[in-house]
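Here's the letter readout for the chains.
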Amino acid sequence: MARKNEPWYWEARKGWYVTLNGKRKKLEAKNKTDAFKEFCKLQVESPRLNSHSPAVIMDEMVEWTGKNRSAGTYRFYREHAQQFLDWLKGEKLVDISCDELTPDIFESYLKSPVQDAYASFSTFSVVKTFHELPSLR
């Protein structure tokens, strides 16, 4: 089970840790309160991985898929990514950044009369994962 995006105490190492931008980091904090304060400060100071547009991230994913997966998988991702980007354009959300994408936006997309919305939602789960794990790039 994945950890929540918050500090946790690692008993074996006797210290507070967080995962930030996909990397585990030991905090200097000695207690839970200080760990949360330090975590908040790190989040503010951390470079935003999700500041790119969905188009940029999806283009990277589709390009990576074309080089590393089958032609059928490539076509699947390309088609569904374009479908979502076209929907964003129609909703006047074309300038949104990935960190502004909310579950409500995805829910609106899934409720729209878009063909095969479930498969498209699966595509965006993969794209989100790809974007959050810089080691894949």
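Attention here is on the structure that accompanies the text. (Residues numbered from 1 in each chain as written. Predicted model: local features only at pLDDT ≥ 70, side-chain atom pairs only at ≥ 80, totals over all residues. Heavy atoms only, no water.)

1. Considering helix 4 (residues 103–111)
Counting along an α-helix, one turn takes 3.6 residues, and residues three or four places apart therefore face a common direction.
Then, number 1: Among all positions of helix 4, only Ile105, Phe106 and Tyr109 are buried. In a view along the axis of helix 4, the buried residues occupy a sector of 95°, so they form one face of it. Among the exposed residues of helix 4, those oriented more than 90 degrees off its buried face are Pro103, Asp104 and Lys111. (Buried < 20%, exposed > 50% of the residue type's maximum accessible area, 1.4 Å probe, protein only. Helix = DSSP H or I, 4+ residues; strand = E, 2+ residues; numbered from the N terminus. Arc of directions from axis to C-beta.)

2. Topic: the nonpolar core
Then, number 1: If you look at the biggest cluster of nonpolar residues, it comprises 13 residues, and the most contacted ones within it are Met58, Phe84, Trp87, Leu88, Leu101 and Ile105.
Then, number 2: Counting only elements with at least two residues in this core, the list comes to helix 2 (54–68), helix 3 (71–90) and helix 4.
Then, number 3: In terms of residues, this core owes the most to one element, helix 3, which gives 6 residues.
Then, number 4: If you look at the next biggest cluster of nonpolar residues, it comprises 8 residues, including Ala29, Ala35, Phe39 and Leu42. (Core = buried A, V, L, I, M, F, W, Y, C linked by side-chain atoms within 4.5 Å.)

3. A few points about the packing of helix 3 against helix 4
Then, number 1: For the pair helix 3 and helix 4, interaxial distance at closest approach is 11 Å and the crossing angle is 105°. Viewed along their axes, helix 3 and helix 4 adopt a mutual orientation that is roughly perpendicular. Counted together, His80, Gln83, Phe84, Trp87 and Leu88 of helix 3 and Ile105, Phe106, Ser108 and Tyr109 of helix 4 form the full contact between these two elements.
Then, number 2: In terms of residue class, the contact of helix 3 with helix 4 is built from 6 nonpolar, 3 polar and no charged. (Axes fitted to C-alpha atoms, helices over the stretch in contact; angles between N-to-C directions. Parallel < 35°, antiparallel > 145°, perpendicular 65-115°, else oblique. Contact = heavy atoms within 4.5 Å. Nonpolar A, V, L, I, M, F, W, Y, C, P; charged D, E, K, R; others polar.)

4. Here we look at the pattern of salt bridges
Then, number 1: Tallied over the entire structure, the rule returns 2 salt bridges.
Then, number 2: As a salt-bridge pair, Glu63 and Lys67 come within 3.2 Å of each other at their nearest N and O atoms. Residue Glu63 and its partner Lys67 are both found in helix 2; the two are separated by 4 residues, about one turn of the helix.
Then, number 3: Under the relative-accessibility criterion, Glu63 is labelled partly exposed at 49%.
Then, number 4: Lys67 gets classed as exposed once you look at its relative accessible area, which sits at 64%. (Salt bridge = Lys/Arg side-chain N within 4 Å of Asp/Glu carboxyl O.)

5. Details of the packing of helix 2 against helix 3
Then, number 1: Two elements in contact, helix 2 and helix 3, have axes separated by 9 Å at closest approach and are oriented at 170°. As summarised for this structure, helix 2 and helix 3 are arranged roughly antiparallel, according to the angle between their axes. In contact with Pro54, Ala55, Met58, Val62, Thr65 and Gly66 of helix 2, helix 3 contributes Thr73, Tyr74, Tyr77, Arg78, Ala81, Phe84, Leu85 and Leu88.

6. Overview of the sheet that holds strand 1 (residues 8–10)
Then, number 1: The sheet built from 3 strands is open, its strands ordered 1-2-3 with antiparallel pairing. Of all strands in the sheet, those with a lone pairing partner are strand 1 and strand 3 (23–26), marking the two edges. Shown here is a sheet whose adjacent strand axes are inclined to one another by a mean of 40°, direction ignored.
Then, number 2: Sheet topology places strand 2 (residues 15–20) next to strand 3; 4 bridges connect them, and they run antiparallel. Among the inter-strand pairings, Thr19 is bridged to a residue of strand 3, identified as Arg24. (Pairing = 2+ DSSP bridges.)

Don't take any of this as a statement about function, it's just geometry.
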